Amino acid sequence: MTSHNRAWKEAKKDELTKLSVEYPFIAVATLNELPASIVSVLRKRLAGEAVIKVSKIRVVKKAFAESSVDTSKIDDQINQSIAVIFSKKNPFELFSFIKKNKGEASAKVGDIAPQDILVQAGDTGLPPGPALTPLKAAGLKVAVQGPTISIVKDKIVTKKGEEVSDAVVDVLGKLNIKPMRVGMKVMGVLDKEENAFYSAESLDVDEEELFDNFVLAYQQALNLSVNAGIYNDASMEVLVIKAQREAKAVKEALGEDAPEEKTEEVKEETSEEAKEEVVVEAAQAPVEEVKEEAPVEEATVETPVEEVKEEPKKETPAEAAVETPVEEPKTEEVKEDAPTEVVEEVKKEGESN
C-alpha cells in the first residue's frame, strides 16, 4: 500500500514538473466547497487551451521545486486545497473565463443570496403530511391538490444580499432548487516569460467598462489630433474633409461657387502631396470659370461689326446700276435734238429772204 502511494506521488510529481515547463502561464485556484462536477465541466471547456490538475500540496510544491521554473511568487498561495491550472491563455483571459463559467449549487445556512431567490407556484410533487410545515414556515402559500402539495402563489423567500435562513435552506432542498452560483476562485497567475505574478485583484477587470474606456480614449486622441493639426493615419482623412468644408464656407461667404467635392479622391489621397493638389485645385477653380465666360463676350461684340461691313457692299453696286441708264438717254437726246432745231431755223431764214 505504501509503495503504491509513493509510485502515485512520483508519477504526479513528474507530470506536474513537465506541465510547468510546457505551459507559459501557471494559475493557482482554491477548491474550497467546490463541487467536483464544476471542475469536470471546466476541464472539458478548457480542453486544448489549459490543463487542470488537482493534487496534494506537498506534491505540488515538490514538483515546482524540481522544475527549472521560478515559482517562488506563487509558493505562498499553495497553502490549502488547490487546483493548479497550466494555461496557454493569457492571465486576463483565463481569469475571465473561469469567472464566467460557474455552476449551480445548493444554498447553505448563512450564504448570501446572489440574487432574489424565487419559489414559483406549481405542483411540488411532495405528498401531504410533514412537508406542509416547512413550506408554510418559509412563508409559502400551499394547498393540497390531489395526491400532492401545490404552491398557490410565487414567493421570494430571500432577497438579494440577505442571508439564507435555515427554514429556506430546508425548503429549497426539498424542492431541489439550487440558487447559488459557485466556481473556482483563482488566487493568482504566474507569467513565466515576464516573471510576473498577477493577483486576483489585478485580474478582476470589467471587460465592457475597459472596452468603453479604450473607445473613449481613441475618440479623445483623434479630436486632439484634428484640433491641433497633427497629421497621422487616423486624422488625415478628417483634416482633409475639414479643410474642404472650410474652403467651401469661405467661397460661399464671398459669393463664389464652391468647387465640387471629390470625396472618393480625398479618401484615396492621404499623402502630403495629395493635400497640396487639393488646395491648388480649389484655388484655380474660379480662374477656369472666367476663361470660359470670355469667349461668350467676344462673340456678342463681333456679330454687329460684321453686319455693318456687309451693308455698304450691297448698296454700292445697286446705286451704280441705277445711275448709269439715266445719264445715257439724256446725252443721246441732247445730241439728236440739237441739229434738228438748227436746220429748221436755217429754213425759216431762207424763206424770209
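Structural data are supplied above this passage.
Conventions we followed
- Residues numbered from 1 in each chain as written.
- Predicted model: local features only at pLDDT ≥ 70, side-chain atom pairs only at ≥ 80, totals over all residues.
- Heavy atoms only, no water.
- Salt bridge = Lys/Arg side-chain N within 4 Å of Asp/Glu carboxyl O.
- Helix = DSSP H or I, 4+ residues; strand = E, 2+ residues; numbered from the N terminus.
- Buried < 20%, exposed > 50% of the residue type's maximum accessible area, 1.4 Å probe, protein only.
- Arc of directions from axis to C-beta.
- Expected span 1.5 Å × (residues − 1).
- Pairing = 2+ DSSP bridges.
- Axes fitted to C-alpha atoms, helices over the stretch in contact; angles between N-to-C directions.
- Core = buried A, V, L, I, M, F, W, Y, C linked by side-chain atoms within 4.5 Å.
- Contact = heavy atoms within 4.5 Å.

Draft legend 1. Main features of the pattern of salt bridges. Inspection of the entire model under this criterion finds six salt bridges. Of the charged contacts in the structure, one is a salt bridge between E10 and K13, with a shortest N-O distance of 3.6 Å. With E10 and K13 both in helix α1 (residues 2-22), this residue pair falls three residues apart, about one helical turn. On the basis of relative accessibility, which here comes to 38%, the residue E10 falls in the partly exposed class. Here E15 ties to K53 by a salt bridge, and the two come within 2.7 Å at their closest N and O atoms. With a gap of 38 residues between them, E15 in helix α1 and K53 in strand β2 (residues 50-54) connect regions that are remote in the sequence. Residue class for E15 comes out partly exposed when judged on its relative accessible area of 30%. Look at the salt bridges and you will find they share partners, linking E10, K13, D14 and E66 into a network.

Draft legend 2. Quick look at helix α3 (residues 57-66). Within α3 the residues assigned to the buried category are V59, V60, A63 and F64. For α3, the buried positions fall inside an angular range of 130 degrees around the axis, keeping them on one side. Exposed side chains of α3 directed beyond 90 degrees from the buried face belong to R58 and A65.

Draft legend 3. Region of the structure containing helix α10 (residues 236-253). The end-to-end C-alpha distance of α10 is 26 Å, a good match for the 26 Å that 18 residues give at a rise of 1.5 Å each. Just past α10, the residue G255 takes up positive phi, approximately 85 degrees.

Draft legend 4. Structural view of the sheet that holds β2. The strand order across the open sheet formed by five strands is β2-β3-β1-β11-β12, and the pairing between neighbours is antiparallel. With one partner strand each, in any of the chains shown, β2 and β12 (196-199) form the two edges of the open sheet. Each strand axis lies, on average, 20 degrees off the axis of its neighbour in the sheet, ignoring direction. Bridge count between strand β11 (residues 185-191) and β12: four bridges; the pairing is antiparallel. Bridge pairing in β12 links G188 to S199.

Draft legend 5. Region of the structure containing the nonpolar core. Counting residues in hydrophobic clusters, the biggest one holds 22 residues, and the most contacted among them are V119, L135, L140, V142 and I149. Every element with two or more residues in this core is listed here: β5 (117-119), α6 (132-137), β8 (148-151) and α7 (166-175). A per-element tally of this core places α7 first, with five residues. When sequence neighbours within four positions are dropped, the list of residues in contact with V119 reads L140, I151, K153, D154, K155, V157, L172, L175 and I177. By size, the runner-up hydrophobic cluster in this structure holds 21 residues, among which are V39, I85, I98 and L203.

Draft legend 6. Main features of the sheet that holds strand β7 (residues 142-145). Strands sit in the order β6-β8-β7 across an open sheet of three strands; the sheet is antiparallel. Sheet topology places β6 (122-123) and β7 at the edges, where each strand pairs with a single neighbour. Examined bridge by bridge, β6 and β8 share two bridges and lie antiparallel to one another. Bridge pairing in β8 places D123 opposite S150.

Draft legend 7. Broad picture of the pairing of strand β1 (residues 25-30). Counting buried positions over the six residues of β1 gives six, a clear majority of the element. Examined bridge by bridge, β1 and strand β3 (residues 82-87) share six bridges and lie antiparallel to one another. If you follow T30 over to β3, its bridge partner there is I82. As defined by bridge partners, β1 adjoins β11 across six bridges and the pair is classed as antiparallel. Residue pairing for β11: V28 is matched across the bridge by G188.

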